[in-house]
Amino acid sequence: MEINGKDELKLPLLQPLDGVAVTDKKIKTVKFKVGDISCASCATSIESILLELNGVESVMVSVLQGQAAVKYIPELITAKAIKDAIEDAGFPADELPEQEIAVCRIRIKGMACTSCSESVERALSLVDGVKIAVVGLALEEAKVNFDRSITDINHIVEAVEDAGFGAEVINSGNDVNKVHLKLEEISSKEDIYIIQSYLESVQGVNNVEMDLAEKKVTVSYDPDLTGPRSLISCIEKAGQGPNFYHATLYSPPRQRESERQQEIWMYRNQFIWSCLFSIPEFIFSMVLPMLHPYGNWLDLKVYNMLTVGMLLTWILCTPVQFIIGRRFYVGSYHALRRRSANMDVLVALGTNAAYFYSVYVVIKALTSDMFEGKDFFETSTMLISFILLGKYLEVVAKGKTSDALAKLTDLAPDTAHLITLDEDNNVISDREISTQLIQRNDILKIVPGEKVPVDGIVVDGQSHVNESMITGEARPIAKKPGDKVIGGTVNENGCILVKATHVGSDTALSQIVQLVEAAQLARAPVQKLADQISRFFVPAVVVAALITWLAWFIPGQLGIYPRHWIPKGMNKFELALEFGISVLVVACPCALGLATPTAVMVATGKGASLGVLIKGGNALEKAHKVKIVVFDKTGTLTVGKPVVVSAVLFSSFSMEEFCDATIAAEANSEHPIAKAVVEHAKRLRQKFGPQMEHMTDIKEFEVHPGAGVSGKVGDKLVLVGNRRLMQDSNVPIGPDVENHISATENLARTCVLVAIDGKVAGAFAVTDPVKPEAGHVISFLHSMGISTIMITGDNWPTATAIAEEVGIKKVYAETNPLGKADKIKNLQMEGMTVAMVGDGINDSPALVAADVGMAIGAGTDVAIEAADIVLIKSNLEDVITALDLSRKTMSRIRLNYVWALGYNILAVPVAAGTLFPLAGIRIPPWFAGACMAASSVSVVCSSLLLQYYKKPLHVKEAQALDVNHNSNSY
């Protein structure tokens, strides 16, 4: 990247405060359905008529759709006047209703299992105007796309709350660039309104939220137009006369972390409180009665058959059942109200059955002098205590699944050194400011050991920067003026000056965090299994519990099983009830719901820390099925920095004419080979003649995909490209040119031909060295059972030579971008799951066509829409990392499902007493509750093991070192 001298650095992107625009030129867009458009000339006439109107900025008319989109300034013209102008031209027009689709993210509180997330999703989808709603159970968030003209965020939040869950807006999509300010010297409401009006008048400010009570203001802004320091200056400028306003930066606490901590503390406190009651109850019910004579006092009669032990356990159980266990009642109520069922329903049914049967026993004992029965108060308290312990451990473990994302968020430093330069480029001020106050085009000083605060370009100094925390690249990267630096990376040894180019949500670090968060919200197809099971899981368990109770109670009444099966102190009804309660509480729908999202959360976070950005569970699931990887050549298998090694003339044209024509034709091309050719041609031009003062303009410039470019330079037609371009343009290729092409291509070089007015004027030989790791990566892919193919627009001899060098057997050459996509579709028609690895720009059609598109060497441009997986570095090893991580993740998800399903399939029959007649094994309800809690925790802990994932190639190298070490020791 070129720097246009240091003088540019003193030109601020933001105008001084005196230039703050108080009247913002707002532009709106209106769409019309236009009738009677039959051809392109109709569209042209409508466009020309509308563009003559004062206030119309731009017009686009689509003949195929019969629509016109007009951008206009509302202060100068109305939508009705535009409609009238179209109709006056003889075309009927109807204004299309504006559909402004907005996106918001909402934090959802109170979700326990998949049925909860489905209920929230269903409630959101029923809101008028909501287009798409996706709810992430593990992330505890919802992403909602809605039409602003029909509904708003408040209605969306109300829908979630009506479904029985807590809801809190994280952001509304358009406020990712926000600054929070604390206002000082504010004495009245009038001051607040003055500040608000000043801020709203600033160009680039999208939204202003005032908090009168706390004297705080939150401003959403466009970083291209304004910034935090300009907004603070605006507030200070708003003060007039005796009123002097002052604003300072205010950093609100991180909501997710604080809420997660509050949830952990809530479950911990509830568990401790329940233990204060359940431990004494356990001692009174199950320990002391077996320790004679210490427990004899519990059998003392209070009245009739009511004993001291019964009374004490009732007193200890009631607060746990109705106060500490209140959350289960609330959750059950909301679940049943929305006609669904979740874990809360099972717990409430089980504990209520135990509690109210025990109350019945107490009443019978109080009113009868003959009744003997056993209460189950300890079952209720112990059950609730174990479930709360399980929820506490589950919340702690779930918090760790987002550790990798939290580490990424913490990479940005809190402060930065802002410097100011004078006219002679000397530093006249150096002050420390908060990172949040950095604005685009600021000059920042980064000393050794400090972190780079935002993305930027080095403008002075040299150093090495450690980018491992962003890209996973272990080796420090040399930086000199003109090189890019990424926010969050560490400056190693030299002092450098950096010009800020991307701030706020535009930095690579922010985009990575946003991409990973979106990925964690995306639902993997494999999760459909849990979704389908959750629909009938709880009702099936309730039915199973009822059948279990009947299956034990009726045979007991009929005397089908022997009396000695019934434990001492119990009767047939109580034994049947205990089995039924155990079935209710041992079943665990939560483990099923957490099996997939927790694994996806950990995997996407771990991938991001390794420089592999996976866009959700869908990409993960497809990647593990990949059987063929298709590679592009230039910039993927090769370094991507082509170098011209020779230039040859074939006609009477001089070297100056040859170079001038080439430079003019290729200057507008973005292809790496074109850039290399232009640089070499410029050097030749300087060598063979005086430098041009002005570059010749090219007219009728046209790009021929996969072939080259053409255009008119002066009065001459110039073609620059490969043999196919010459053949398509009927340019004759003589024997000497043909021999040169063959010789060049046999050396694995690309021959770029230049034709002027139908004659081949000369040729450039371009080489692009193969990446050093390419052969090793291809070999490793083959060892994984994955085939490899190379597709390139380059010529056959060069493509074949490169393929042989890296070990690829199958090659498709001289293929344009759309042809690459067609080749991939042909492979898919053979039943293959195909991954495409390319640069994300020229290869976009192929990346989209592939089952898994991998954009390699994205660097700071992580938001490549065509790719399912974004590889930040240009290292091919990351292709293996992405595929291997997806395989490991899917194996972990399957293991989670095997455990969750296997647990329920085995635990429910055992809890129902199937082993009791043969082995005397039965699961008491309190132990069943402990098992249920443990199953959820174990699934989350299983997913957490993915945090220890290592790159397979690094693992292989370590193993090779160990083998060598062991062999040397003998």
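Residues numbered from 1 in each chain as written. Predicted model: local features only at pLDDT ≥ 70, side-chain atom pairs only at ≥ 80, totals over all residues. Heavy atoms only, no water.

Details of the overall build of the protein chain
Here is step 1: A tally of helices and strands in the protein chain yields 31 helices and 36 strands.
Here is step 2: When each of the 970 residues of the protein chain is scored for burial, the buried share is 51%.
Here is step 3: Long-range contacts, defined as pairs at least 24 residues apart, comprise 70% of the intrachain contacts of the protein chain with a sequence gap of at least 6.
Here is step 4: On the protein chain, roughly 44,500 Å² of surface is accessible, and the fraction owed to carbon and sulfur atoms is 56%. (Helix = DSSP H or I, 4+ residues; strand = E, 2+ residues; numbered from the N terminus. Buried < 20%, exposed > 50% of the residue type's maximum accessible area, 1.4 Å probe, protein only. Contact = heavy atoms within 4.5 Å. Areas by Shrake-Rupley, 256 points an atom, 1.4 Å probe, with all protein chains shown as cover.)

Quick word on the sheet that holds strand β8 (residues 166-171)
Consider a sheet: its strands pair through backbone hydrogen bonds, and that pairing is either parallel or antiparallel.
Here is step 1: Read across the open sheet, the four strands follow the order β6-β7-β5-β8; overall the sheet is antiparallel. Edge positions in the sheet fall to β6 (130-136) and β8, since each has one partner strand and no second. Neighbour-to-neighbour, the strand axes of this sheet turn through a mean angle of 25°, independent of strand direction.
Here is step 2: Looking at chain direction, β6 and strand β7 (residues 141-147) are connected through six bridges and run antiparallel. If you follow Ala133 over to β7, its bridge partner there is Val144.
Here is step 3: Against the sheet, helix α4 (residues 153-162) contacts β5 (101-109), β6, β7 and β8, and its axis sits at roughly 150° relative to β8. (Pairing = 2+ DSSP bridges. Axes fitted to C-alpha atoms, helices over the stretch in contact; angles between N-to-C directions.)

A short note on the packing of aromatic side chains
Here is step 1: One pass over the structure, following the stated rule, counts 24 aromatic pairs.
Here is step 2: With centroids separated by 5.7 Å and ring planes inclined at 65°, the aromatic side chains of Tyr355 and Phe377 adopt a geometry described as edge-to-face. Residue Tyr355 is found in helix α10 (residues 343-367), and its partner Phe377 is found in helix α11 (residues 377-400); the two are separated by 22 residues along the sequence.
Here is step 3: A relative accessible area of 0% means that Phe377 is categorised as buried.
Here is step 4: Counting every residue linked through ring pairs, the aromatic cluster contains Trp314, Phe322, Tyr329, Tyr355, Phe356 and Phe377. (Phe/Tyr/Trp six-rings, centres within 6.5 Å; stacked < 30°, edge-to-face > 60°.)

Some thoughts on a nonpolar patch on the surface
Here is step 1: On the surface, Leu546, Leu550, Ile554, Leu558 and Ile560 cluster together into a nonpolar patch covering about 500 Å² of accessible area.
Here is step 2: On the secondary structure map, Ile560 appears in the loop between α15 (528-558) and α16 (572-586). (Patch = residues over 30% accessible without salt bridge, like charges linked within 9 Å, V, L, I, M, F, W, Y side chains within 5 Å. Salt bridge = Lys/Arg side-chain N within 4 Å of Asp/Glu carboxyl O.)

Concerning the pattern of salt bridges
Here is step 1: Summed over the entire model, instances satisfying the criterion amount to 16 salt bridges.
Here is step 2: We note a salt bridge from Lys109 to Glu168, for which the minimum N-O separation is 3.5 Å. With Lys109 in strand β5 and Glu168 in strand β8, this residue pair connects regions lying 59 residues apart in the sequence.
Here is step 3: Judged by its relative accessible area of 36%, Lys109 is partly exposed.
Here is step 4: Classification of Glu168 by relative accessible area gives partly exposed; the value is 22%.
Here is step 5: Close ionic contact of Asp878 with Lys873 constitutes a salt bridge, the shortest N to O distance being 3.7 Å. Considered together, Asp878 and Lys873 belong to a single accessibility category, that of buried residues.
Here is step 6: Here the salt bridges share partners, and the residues they tie into one network are Arg723, Glu738 and Glu745.

As for the packing of helix α8 (residues 308-324) against α11
Here is step 1: Close contact between α8 and α11 brings their axes to 8 Å; oriented N to C, the two are set at 35°. The way α8 lies across α11 gives a crossing that is left-handed. In this structure, α8 contributes Met310, Thr313, Trp314, Leu316, Cys317, Val320, Gln321 and Ile324 to the contact, and α11 contributes Phe377, Ser380, Thr381, Ile384 and Leu388.
Here is step 2: Across the contact of α8 with α11, the residue classes tally to nine nonpolar, four polar and no charged. (Left-handed = near helix turned anticlockwise from the far one by under 90°. Nonpolar A, V, L, I, M, F, W, Y, C, P; charged D, E, K, R; others polar.)

Some points on a negative patch on the surface
Here is step 1: Taken together, the side chains of Asp152, Glu158, Glu161 and Asp162 define an acidic patch exposed on the protein surface.
Here is step 2: Here Glu161 is to be found in helix α4. (Lys, Arg positive; Asp, Glu negative; His and termini not counted. Charge placed at Lys NZ, Arg CZ, Asp CG, Glu CD.)

Some thoughts on the nonpolar core
One broad rule of soluble globular proteins: the nonpolar side chains tend to lie buried together.
Here is step 1: Judged by nonpolar contacts, the single largest core of 123 residues is most densely connected at Leu124, Val629, Phe631, Met854, Ile869, Val879 and Leu883.
Here is step 2: At twelve residues, the largest contribution of residues to this core is made by helix α28 (residues 877-911).
Here is step 3: Every residue in contact with Ile869, bar those within four places of it in the chain, is listed here: Val612, Leu613, Ile614, Ala623, Val852, Gly853, Met854, Ala855 and Ala882.
Here is step 4: One finds Leu199, Leu437, Val454 and Ala500 within the second-largest nonpolar core, a separate group that totals 37 residues. (Core = buried A, V, L, I, M, F, W, Y, C linked by side-chain atoms within 4.5 Å.)

Examining the pairing of strand β1 (residues 28-34)
Here is step 1: In this structure, β1 lies alongside strand β3 (residues 67-72), joined through six bridges in antiparallel fashion. Residue pairing across strands places Lys31 opposite Ala69, the latter belonging to β3.
Here is step 2: In this structure, β1 lies alongside strand β4 (residues 93-95), joined through three bridges in antiparallel fashion. Of the residues in β4, the one forming a bridge with Phe32 is Glu95.

Some thoughts on unusual backbone geometry
Here is step 1: Here the phi dihedral of Ala748 falls at roughly 60°; this positive angle occurs in a residue that is not glycine.
Here is step 2: By secondary structure assignment, the location of Ala748 is in the loop between α23 (735-746) and β30 (750-756).
Here is step 3: Despite not being glycine, Glu814 shows a phi value in the positive range, around 50°.

Considerations on the side chain of Ser119
Here is step 1: Its location among the elements puts Ser119 in helix α3 (residues 114-125).
Here is step 2: A relative accessible area of 3% means that Ser119 is categorised as buried.
Here is step 3: Setting aside residues no more than four positions away along its own chain, Ser119 makes contact with Phe165, Arg338 and Ser340.

Comments concerning the confidence of the model for the protein chain
Here is step 1: Mean pLDDT over the protein chain: 82, with 89% of residues reaching 70 or higher.
Here is step 2: In the predicted structure, residues 1-25 sits below a pLDDT of 50 and forms 43 contacts with residues beyond four places in sequence or in another chain.
Here is step 3: Contacts of residues 965-970 to residues separated by more than four positions or lying in other chains number zero contacts, the stretch itself having pLDDT below 50. (pLDDT = per-residue confidence, 0-100.)

Observations regarding the pairing of strand β28 (residues 708-713)
Walk down a regular strand and you will see the side chains alternate between the two sheet faces.
Here is step 1: The element β28 is extensively covered by neighbouring structure, given that five of its six residues are classed as buried.
Here is step 2: In the sheet, strand β27 (residues 698-704) pairs with β28 via five bridges, with the strands oriented antiparallel. Bridging across to β28, Val703 finds its partner in Val709.
Here is step 3: Taking the residues between adjacent antiparallel strands as the criterion, β27 and β28 are bridged by three residues, where Gly706 takes a positive phi near 75°.
Here is step 4: Where β28 folds back onto strand β29 (residues 716-721) in an antiparallel hairpin, the turn is made up of two residues, including Gly714, whose phi is positive at roughly 70°.

Concerning the sheet that holds strand β19 (residues 463-466)
Here is step 1: Strand order across the open sheet formed by three strands is β20-β19-β22, with antiparallel pairing between neighbours. Edge positions in the sheet fall to β20 (477-479) and β22 (490-491), since each has one partner strand and no second.
Here is step 2: Judged from the three bridges that link them, β19 and β20 form a sheet pairing that is antiparallel. Paired with Ser463 across the strands is Lys479, a residue of β20.

A look at α3
Residues that lie three or four places apart on an α-helix share one face, since the helix turns once every 3.6 residues.
Here is step 1: The end-to-end C-alpha separation of α3 is 16 Å, in line with the 16 Å expected for twelve residues at 1.5 Å each.
Here is step 2: When you tally the buried positions in α3, you get nine out of twelve residues, the bulk of the element. (Expected span 1.5 Å × (residues − 1).)

Quick look at the environment of Leu389
Here is step 1: Position of Leu389 relative to the elements: it lies in helix α11.
Here is step 2: Under the relative-accessibility criterion, Leu389 is labelled partly exposed at 25%.
Here is step 3: Placed 114 residues apart in sequence, Leu389 and Cys275 show a C-alpha to C-alpha distance of 9.8 Å.

Considering the environment of Leu827
Here is step 1: Of note, Leu827 is situated in helix α26 (residues 817-829).
Here is step 2: Judged by its relative accessible area of 4%, Leu827 falls in the buried class.
Here is step 3: For the pair Leu827 and Ile628, spaced 199 residues apart in sequence, the C-alpha to C-alpha distance is 8.7 Å.

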